[in-house]
Amino acid sequence: MVQNRIRLVGVVISLSILTVLITLSRIQVQQSPAYRQVAEEKRRSTWTVRPRRGTIYDRNGVVLARDVTRFDVDFIPATAQEGPGGTDAAIDWLARATGTPRAELDRRIADIHEGIDKAYRKEIRWLANRDLLAPDSSRARARQEVRLLERLLRKPYPLVRDLSPDVRDRVHTAQIPGLRITPRPQRVYPHGPLAAHVLGYQGQVTTEETYRRRGIEDFFRAKLEPVVGERKFEQLARSTLFRSASYGMAGVELYYDEQLRGYHGVEVRRGARNGPETVYDIAPTAGADLYLTLDVRLQQAAEDALAKTGKPGAIVALDPRNGEVLALASWPTFNPNDRTSLVGGENAPTLCRAIAGTYPAGSTIKPVGAIAALQELPDFAKMHFDCGHETKIGGTYMHCMGTHNSLEVTEALKRSCNIFFYKTGIALKQAENDLDVWLRKFGVDSPTGIDLPGEKDGTLPEARFLGEVANHAIGQAFTTTPLRMATIFSALANGGLQVTPHLRRDAQTPAPRPIGISADSLAAVRAGLYQAANVRGGTSFRAISRAGLDAFNVHGKTGSAETGRAGEKTHSWYVCFADGPDQQICMAIVVERAGLGGAVAAPIAKGLLQTYFGVE
């Protein structure tokens, strides 16, 4: 009996041992790959390596934006705590080495821990929403939370930025646990605020929508998921790892961001006895350089001229043959090197008035009315209208800024007679030829398609009554942008072709589109614009004549657009074109609430034309 019991116990023990051996065998043989993968994941760290962003040049090779390498101190909380003396010793040493007050470093570390806490809570929510969390108070749940927190505590976080070379070398040589030197590209704009509205600036991709829209996750997925596995990649995607670099947020930095930013490198490191070793590495690919059509010399002159007025405004200069943007200036402006200067402020310094400022065009639109009448009304070129300083339209007396005799279209453009163009607009309406049709042909209320984000449409409400028609004929009661006015006058300069303005030199733009203007109509309008600038009595004669520009055939039109507010000065406009032996230029200038176009905007144009053509 006893022997039977001994045998039974022996069998039970043998079976237990056999069960343990089978289990161990299954773990070691069958499940070892899975466990090995888990262990490997714990030992691996993944890094992205930011590429050099493409350099931006003007048309002559002047650098407008480039990357330089700065060196930062990153803080790794877990590693610092494990070092001799813990975090306090590491931070004390860093304060002495960099000259940064200890209180400031403590504040930054508190911010880092606050960010870690937010990231931890976000990850827990994500796991909970997908039923991936173990039950509360279980060992599995505790292990999950510990692993997550450990991963966050072993990430590097920027602590001190832009070290001097000697401080960088000191930190690197000391090898203080938890402190690591990290090279980071920094975007620099060598000319400060020059062309800031064109160049734009960089910033962090923070919102999920922007992150997805730019395809950043998809880009990394193609590189990383085959290496680290789907589960690890999803962990990385939920972190801020892929969003740690800067991306274009405005201007050409945003419009051409994908080409400029290049391709990130990826490095996967594995812990080893003698320090981390790289198990997977793809070097970053530098972004493509970008050559713009801007002429820095003309751009600087334009911004200086606007600054001298002390008033908001914009200047656009195009090559009327192909739409290349020679200058695009907006005032006030900002310095993209100093992000604090991007915060609103009086007169909205970040607003690019050249493409997003909408204004009544004033008398600068009169050439379009002249083209419409010359195209639609028989013998309009020979018609004369009396001025008399005022006329009654729909029960309201409407006035001219001067008093003129009987005028035909060329003389009316030269002198900018309001009464003539009131009557022209009404004559078109009565002949069932709508002036607004021609305004739309020239695109006053539509975007030009320039390669910049943020371009605004103009507005062109229907002119139902004769008074509204008359207002449209002198550039009131609708709005357009300075850039659009530059394309309108480019069409008058190039033989009637609508060009697409662009900033990238090798941009693939639509072919210039014929608007449908006869040579005779263009000749009549051009004659009036030439006389306005070069013949005594012309509205810009005082500004343009005797400026050394006789050889460049300046054609121009002033404008003084009412703001709609009683007592305010008018917006001062001047739009013109000119040509030399191998150069052509078209410019639109507006200065807000500055007065007459001939007194403010036209003298600015004179100075810019002298700069462009090299006239002393």
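Residues numbered from 1 in each chain as written. Predicted model: local features only at pLDDT ≥ 70, side-chain atom pairs only at ≥ 80, totals over all residues. Heavy atoms only, no water.

Enquirer: Would you explain the pairing of strand β18 (residues 571–579) in this entry?
Expert: Strand residues, when the strand is regular, have side chains that alternate between the two faces of the sheet. Burial within β18 is extensive, with eight of its nine residues counted as buried. Where strand β17 (residues 555–561) meets β18, seven bridges bridge the pair, whose relative direction is antiparallel. Bridging from a neighbouring strand, Thr558 pairs with Tyr574 of β18. Where β18 hands over to strand β19 (residues 584–591), the hairpin turn is made up of four residues, counted between the paired strands. (Buried < 20%, exposed > 50% of the residue type's maximum accessible area, 1.4 Å probe, protein only. Helix = DSSP H or I, 4+ residues; strand = E, 2+ residues; numbered from the N terminus. Pairing = 2+ DSSP bridges.)

Enquirer: Sorry, what's going on with the sheet that holds β19 here?
Expert: Sheet strands line up and pair through hydrogen bonds in the backbone, either parallel or antiparallel. Strands sit in the order β12-β11-β19-β18-β17 across an open sheet of five strands; the sheet is antiparallel. Single-partner strands in this sheet number two, and they are β12 (325–331) and β17. Across the sheet, the axes of successive neighbouring strands diverge by a mean angle of 5°, strand direction being ignored. Sheet topology note: the strand β11 (residues 313–318)/β12 ladder contains six bridges and is antiparallel. The residue of β12 that forms the bridge with Ala317 is Ala327. (Axes fitted to C-alpha atoms, helices over the stretch in contact; angles between N-to-C directions.)

Enquirer: Just checking my understanding: could you explain the pattern of salt bridges for this structure?
Expert: Side chains that differ in charge, positive against negative, can pair when their charged atoms come close. Applying the stated criterion across every chain, the model contains 35 salt bridges. Residues Asp74 and Arg184 are paired through a salt bridge, measuring 2.9 Å at the closest nitrogen-oxygen approach. Residue Asp74 is found in strand β3 (residues 63–75), and its partner Arg184 is found in strand β5 (residues 179–188); the two are separated by 110 residues along the sequence. With a relative accessible area of 0%, Asp74 lands in the buried category. Within this structure, Arg53, Asp67, Arg187, Glu253, Asp257 and Arg261 form a network of salt bridges that share partners. (Salt bridge = Lys/Arg side-chain N within 4 Å of Asp/Glu carboxyl O.)

Enquirer: Please explain the side chain of Lys366 as it appears in this structure.
Expert: Along the chain, the position of Lys366 falls in helix α16 (residues 366–376). For the buried residue Lys366, which engages in no salt bridge, the nearest side chain bearing the opposite charge is Glu562, 11 Å off. Beyond its immediate sequence surroundings of up to four residues, Lys366 is in contact with Leu413, Ser416, Cys417, Asn418, Phe421, Ala473, Ile474 and Lys557. (Lys, Arg positive; Asp, Glu negative; His and termini not counted. Contact = heavy atoms within 4.5 Å.)

Enquirer: Just checking my understanding: could you explain the packing of aromatic side chains for this structure?
Expert: In this description, a pair of aromatic rings is defined by centroid distance and the angle of the planes. Within the structure shown, the criterion is met by 11 aromatic pairs. Ring plane angle 40° and centroid distance 6.5 Å describe the contact between Trp438 and Phe442, whose orientation is recorded as tilted. Summarising the burial analysis for this pair, Trp438 and Phe442 share the class buried. A network of ring pairs unites the aromatic residues Phe380, Phe385, Phe420 and Phe421 as a single cluster. Against the face of Phe71 rests Arg168, its NZ or CZ located 4.5 Å from the ring centre. Taking NZ or CZ as reference, Lys441 lies 4.0 Å from the ring centre of Trp438, over its face. (Phe/Tyr/Trp six-rings, centres within 6.5 Å; stacked < 30°, edge-to-face > 60°. Lys NZ or Arg CZ within 6 Å of the ring centre and 35° of its normal.)

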